[in-house]
Amino acid sequence: MNPLRAAFREYYALRSRSIFVPRVDLREIMMVTFDGTVIRHVSVRNLESLRAMLAREAPRHAYYSVGLYERPAAKSMAEKGLKAAEVLFDIDADHLGVDECDYGLAWRCKSCGESGDGPSPDACPKCGSQDLERLDWLSEGCLEAAKREAIRLLEILESDLGVSGEELMVYYTGHRGYHVRILSERFLGLGKEERRELASHVSGLSFDPREVFYVKGSALASPRADEGGWRGRVAREILRLLEESGRGKAALPSSVAKRREELVRALGEGVPLINPTPALVRDLRRMAHEIVQARRVKIDEMVTPDTSRLTRIPNSLHGKTGLRAMALSPDELRDFQPLRDAVGLSGDQIRVFTTAPVPRFRVKGESFGPYEPGVGVDLPMFAAALILLKGRGVIP
Amino acid sequence: MEELDPALASRYPFTSLGERLIESEGLTEEDLAYDPLLEQSRRHAKGRLLSAVSGGLYLEDLHLPPLDAVATYLIVRLVSSWIGDPFLSRLVAEHESKRFHRLARDEPLSVLAWLGRELGATVKPDGERAWVDLPSYLRAAAGLGGSRWRLANRDVRRGRVLVERRELARLLQELLRTHLLRPTPRPSLPPPLKDIGTEVIRRLEERRASIQSSRPSRQIMPPCIEKLIEKAERGENMSHQERFTLAAYLLKVGWSVGRVVDLFRSAPDFKERVARYQVSHIAKRGYNPPNCETLRGWGICVEDCGVKSPLSYGRRGRRRR
């Protein structure tokens, strides 16, 4: 057996107690094996059979549905009979536009095997082929950015939606992101449109500054600091900026600075500001827009409305990293470092031949690399797995 | 809970007040069909159904005593379920919920809160305004156009959304509309009620025929626009943003104002004059359809097709044609 798959199997044998899926009998389970076979429309009766199945198959990837079905093993969505679905939010570092996520980027030519650092060139410099493979890597900075996003999401879910603690399931995907599911009964029956609305709320996409600052009669309609949602966040942030500018710490547009005292009363206590100038309204809207842009949660908003999605089984291994898709409590999330805490594979030594450049990296507190292509190195399984699964090395 | 005025059953026959009345009077389908005292209920039910089909608003039965009002409502529902045509169901749901809104918009907050609970929402009055539980708010507002309904522009705290009294009435209209759209088993009807149904079917077919269903050959269109066209053709309720996006897109790819207006003809609330005015206005101003980011925000985007504006989708394909 492929030593990597053997390592996965060992993990599932030793750590099977950590595998859990709530209401597992109503879920569709999907697996991708190490030879690339996709096994879909599987259902299990209970957690024990799920754990046994994972230990037996040792799949490369293992997923479960957000949907709860009458007949989870049926082949089509219509036959499955959707009873309810958890609300899913997906945070993927690839969507964050963070430079750190390009760390260790490399490419390899599929025709001649040539490889190099950085983004893929248009054609292979050695053989001219355009069939190049882009190879990404994991970096702490990139993972940290995704985590910050997840923490902000949890804050909004608690303050706006009123869901927290037991009603949520948060987990690291095992790769470059986080998944958050709302388990709470009252959200389970929401339709596609309602889920879309939630997605565009947390991502701030449907925020419209003109709905928040406008002229009503001769007064300025404005949000108040004690309001909830984006209105409250905008009001509190502008108040903070007004206070800072009072202490000479923040520069404000002159239209806003001129009416500082009145704005403090309007945003703080709801005392109407009379006769706002057009410039004031425009500048406040611009500030509101910027505040929301800076604080919005960059989820993949196509994922949330889709009730037929599957995500990784909590504490299963990710087939692109060998890391655990770790379920986390909100407190655990704060100090969580995937490359330190989500290691599931053993430290047994294994020899790996690199087929592309490997950047310097740290796993479980140990530093590795950088390695040139074409060298043999002896590594603990958890570090070797990253190189192998990221397509930058082979077992000789 | 405070004592409710039994007369509320006249205005809101779908509530538990209405149900209790049916029970206490022991009202049966036979009564609805044959009881001479319910003759005016049968007449008004037919009027309401035909009004729904023609896109009007039937208000002639507002004075009915509770039992007759409840009977009228029951006949409307029975006949509509018996016909079992999804297009008719949408027209009836639209008509009944509009009629509801006409009455509810002037009710005090306490009555609206009760109506909200009847429709499955948790509504807590707070001064001049009220808190609505978030899932119910979402169910109602998801079908409403206009950025003021978007959650991101509202005061939303710990799973509750603050709304004005008038907004609450509008949200309840939507909740009733979706409630009425829930599928019901097809009943068997006594002949007098079938006769009403037959007349409604005849008018429904006339309306369908007047909708020019022939659609000239299609260009290559992005998935979001395809979906909007389907929605329009099926006569589903569309948000303002959806209508705007569809009209602006089609005008930009060369459809005439008339052809775009025709597409909206199946809409349950279609009004020729209003639709023509709005579409011409978009044409005159030359508005572009919103870009993909905006469409994502509005929840109109259905998949990432790799373009930034619906207009750039399949450019090459379109030119080839």
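These notes cover the structure that comes with them.

Looking only at helices and strands, chain A has 14 helices and 21 strands in total. Across its three principal axes, chain A shows a C-alpha extent of roughly 75 × 55 × 40 Å. Classification of the 396 residues of chain A by burial places 56% in the buried group. Looking at chain A alone, contacts between residues at least 24 apart form 67% of all its contacts between residues at least 6 apart. Of the roughly 16700 Å² of accessible surface on chain A, 47% is carried by carbon and sulfur atoms.

Moving on: the interface of chain A and chain B. Taken together, the contacts link 29 residues of chain A with 29 residues of chain B. A buried area of about 2500 Å², summed over both sides, lies between chain A and chain B, and 55% of it is on carbon and sulfur atoms. Joining chain A to chain B, the criterion identifies two salt bridges. Of the charged contacts in the structure, one is a salt bridge between Glu 197 of chain A and Arg 150 of chain B, with a shortest N-O distance of 2.7 Å. Elements that contribute at least two residues to the side of chain A that touches chain B include exactly α4 (140-161), α5 (185-188), α6 (192-202) and α8 (229-246) of chain A. Counting residues per element, the side of chain A that touches chain B draws most heavily on α6 of chain A, at seven residues. Tallied by class, the residues present in the side of chain A that touches chain B amount to eight nonpolar, eight polar and 13 charged.

Let us look at helix α2 (residues 16-25) of chain B. Residue and element names in this part refer to chain B. For α2, the complete set of buried residues consists of Leu 17, Gly 18 and Leu 21. Each buried residue of α2 sits inside an arc of 100° when the element is viewed along its axis, so together they form one side. More than 90 degrees from the buried face of α2, the exposed residues found are Arg 20 and Glu 23. Summarising the contacts, the buried residues of α2 are in contact with α1 (8-11), α5 (66-83) and α7 (109-118). The first or second residue beyond α2 is Gly 26, which carries a positive phi of 60°.

Further remarks concern the state of the cysteines. Residue and element names in this part refer to chain A. With the rule as written, the count across this model stands at one disulfide over all chains. Paired by a disulfide, Cys 101 and Cys 142 hold their sulfur atoms 2.1 Å apart. Here the disulfide of Cys 101 and Cys 142 is right-handed, its torsion about the S-S bond being about 95°. Of this pair, Cys 101 sits in the loop between β6 (87-92) and β7 (106-109) while Cys 142 sits in helix α4, placing them 41 residues apart in sequence. A single burial state applies to Cys 101 and to Cys 142, both of which are buried. Of the cysteine sulfurs around Cys 109, a residue in no disulfide, the closest is that of Cys 127, at 3.6 Å. Given a relative accessible area of 1%, Cys 109 falls into the buried group.

Time to look at empty space enclosed by the protein. Residues and elements named next belong to chain B. Counted according to the given criterion, the structure contains five cavities of 30 Å³ or more. Put simply, the largest cavity is a space of about 160 Å³. When residues of the lining of the largest cavity are traced back to their parent elements, those giving at least two are α1, α5, α6 (86-104) and α9 (165-181). Tallying contributions element by element places α6 first for the lining of the largest cavity, with four residues. Considering only residue class, the lining of the largest cavity consists of nine nonpolar, one polar and five charged. Taken together, 14 residues form the lining of the second largest cavity, with Cys 224, Cys 292, Cys 301, Glu 303 and Cys 305 sitting closest to its centre. When residues of the lining of the second largest cavity are traced back to their parent elements, those giving at least two are α11 (223-234) and α15 (292-297). A per-element tally of the lining of the second largest cavity places α15 first, with three residues.

Analysis parameters
- Residues numbered from 1 in each chain as written.
- Chains lettered and ligands numbered in written order.
- Predicted model: local features only at pLDDT ≥ 70, side-chain atom pairs only at ≥ 80, totals over all residues.
- Heavy atoms only, no water.
- Helix = DSSP H or I, 4+ residues; strand = E, 2+ residues; numbered from the N terminus.
- Buried < 20%, exposed > 50% of the residue type's maximum accessible area, 1.4 Å probe, protein only.
- Contact = heavy atoms within 4.5 Å.
- Areas by Shrake-Rupley, 256 points an atom, 1.4 Å probe, with all protein chains shown as cover.
- Buried area = accessible area lost by both parts, 1.4 Å probe.
- Salt bridge = Lys/Arg side-chain N within 4 Å of Asp/Glu carboxyl O.
- Nonpolar A, V, L, I, M, F, W, Y, C, P; charged D, E, K, R; others polar.
- Arc of directions from axis to C-beta.
- Disulfide = S-S within 2.5 Å.
- 1 Å grid on protein atoms, 1.4 Å probe; cavity = no way out; pocket = protein on both sides within 12 Å on 5 of 7 lines; lining within 4 Å.
- Points joined across faces, edges and corners; volume = space filled by probe spheres on them.

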